[in-house]
Amino acid sequence: MLPPREEFCPAAAGQFMTAILTIANQKGGVGKTTTAINLAAAIAQRKKKTLLIDLDPQSNTSITFFDLADVQASMFDVLGDHRAEMAGVIKPTKDPFLFVAPARLALAKLEQQLSGQFDAPFKLKDALAPVLKDYDYIVIDTPPALGILTVNAMVASTHLLVPIQAAYFAIEGTDDLLETYERIRARPNPALKVLGVVITLYDKRTNISRDTHEQIRSVFGSVLFKTRIGKNVRLEESPAYKETIMTFAPKSPGAKDYGKLALEVIQRVEEDRIARHAEDAA
Ligand code: ADP
Ligand code: MG
């Protein structure tokens, strides 16, 4: 019998077994939740065992999969008062490769609850440790703020993925996000890397979309994913039917865009895995 994965291939400083992706942008309405849900679903479709974690008190991701009345234990119980273990809040979905750890509004109390605790930024990292071996990918949806929830996500992650809406002033505010990223890299999580920036809500008929695409490309260069997520009404509709775009409208442009993004994400993660191996071996 093979030893457990972590013994088989001991993780050096930069290496990782499970790719953990924080989806963050402190602006609201830029497509974080839509990207977290449908990127996770598209990765799961490629038979990668995927855990989607909802860290937004608004619980939009959770509502897409469950009735909140059926959610007994949530991320608040894990991070706030330790009434639940991570494994105890994870729920299966219709896709056998996709699992969801739901949020509840109570998460909004976390900031206050954790204030003054020296290990506040490490709560999620510690909680995830026992379940990491069970997943290939973990995707974390975050609230539109750079508070303790987003910091917990970034401290626990291997990669940061930033959705930017194709709209004027879209780049404003990303400075603050990147500053937080640099601070987290400096101390609690030097292994964190930016996986990429993805343009969302792109409408090829408008000058606004074309102009902002050019601007975002000039700022971010090759960090920008080739795939753009176009505006697609099916993406807006699917949560109301408690479906991801992959099951709700698999032939829609929205499903195709997230399918393409998932391929790019998997490719970048694999390339990074090889790069980190080489760095650690050198
Ligand atoms: P955030 O999580 O950043 O606040 P959401 O993912 O909730 O953003 O998106 C905000 C709104 O825009 C939601 O109503 C969502 O359904 C809609 N939306 C997001 N992406 C798209 C898209 N590509 N096409 C059409 N509507 C979208
Ligand atoms: Mg959201």
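Conventions we followed
Residues numbered from 1 in each chain as written. Chains lettered and ligands numbered in written order. Predicted model: local features only at pLDDT ≥ 70, side-chain atom pairs only at ≥ 80, totals over all residues. Heavy atoms only, no water. Helix = DSSP H or I, 4+ residues; strand = E, 2+ residues; numbered from the N terminus. Rg over C-alpha atoms; globule rule 2.2 N^0.38 Å. Buried < 20%, exposed > 50% of the residue type's maximum accessible area, 1.4 Å probe, protein only. Contact = heavy atoms within 4.5 Å. Phe/Tyr/Trp six-rings, centres within 6.5 Å; stacked < 30°, edge-to-face > 60°. Lys NZ or Arg CZ within 6 Å of the ring centre and 35° of its normal. Near = heavy atom within 4 Å. Polar contact = N/O pair within 3.5 Å; in protein donor to acceptor, adjacent residues only side chain to side chain. Areas by Shrake-Rupley, 256 points an atom, 1.4 Å probe, with all protein chains shown as cover. Salt bridge = Lys/Arg side-chain N within 4 Å of Asp/Glu carboxyl O.

## Here's the deal with the overall build of the protein chain
Each helix and strand in the protein chain was counted, giving 13 helices and 7 strands. Taking 282 residues into account, the globule formula puts the C-alpha radius of gyration at 19 Å, and the protein chain, at 18 Å, falls close to it. Referenced to the eigenvectors of the C-alpha coordinate spread, the extents of the protein chain come out at roughly 50 × 50 × 45 Å. Looking at the protein chain residue by residue over its 282 residues, the buried ones come to 52%. Considering only contacts in the protein chain between residues 6 or more positions apart, those separated by 24 or more positions represent 78%.

## Description of the packing of aromatic side chains
According to the stated counting rule, one finds 3 aromatic pairs in the structure shown. The interplanar angle of 40 degrees and the centroid separation of 6.0 Å between the aromatic rings of Phe65 and Phe66 together place this pair among those described as tilted. In this pair, the class of Phe65 matches that of Phe66, namely buried. Summarising the aromatic geometry, the rings of Tyr241 and Phe248 are spaced 5.0 Å apart at their centres and angled 25 degrees between planes, so their arrangement reads as stacked. According to the relative accessible area criterion, Tyr241 is exposed, its value standing at 55%. We note Lys49 situated over the ring of Tyr135; from NZ or CZ to the ring centre the distance is 5.2 Å. The lysine or arginine in question, Arg268, covers the ring of Phe225, its NZ or CZ lying 4.1 Å from the ring centre.

## Some points on the site of ligand 1
Looking at ligand 1, there are 14 residues lining it, with Gly29, Thr33, Thr34, Gly230 and Asn232 nearest. Gly29 places a main-chain nitrogen or oxygen 2.7 Å from an oxygen atom of ligand 1. Contacts to ligand 1 include Lys32, whose side-chain N or O atom sits 2.9 Å from an oxygen atom. In the complex, the protein chains occlude 79% of the 550 Å² of accessible area that ligand 1 would expose alone. When residues of the shell around ligand 1 are traced back to their parent elements, those giving at least two are helix H2 (32-45) and helix H11 (233-237). Counting residues per element, the shell around ligand 1 draws most heavily on H2, at 3 residues.

## Description of the pattern of salt bridges
A complete count under the given rule lists 12 salt bridges for this structure. Note that Asp81 and Arg83 form a salt bridge whose closest N and O atoms lie 3.3 Å from each other. Asp81 gets classed as partly exposed once you look at its relative accessible area, which sits at 29%. Of the residues examined, Arg83 reaches a relative accessible area of 64% and is grouped as exposed. Glu270 serves as the salt-bridge partner of Arg273, at 3.3 Å between the closest nitrogen and oxygen. Within this pair, Arg273 and its partner Glu270 are both found in helix H13 (residues 253-281), separated by 3 residues, close to a single helical turn. When its relative accessible area of 33% is taken as the criterion, Glu270 is described as partly exposed. In the salt-bridge network here, residues are joined through shared partners; they are Asp77, Asp81 and Arg83.

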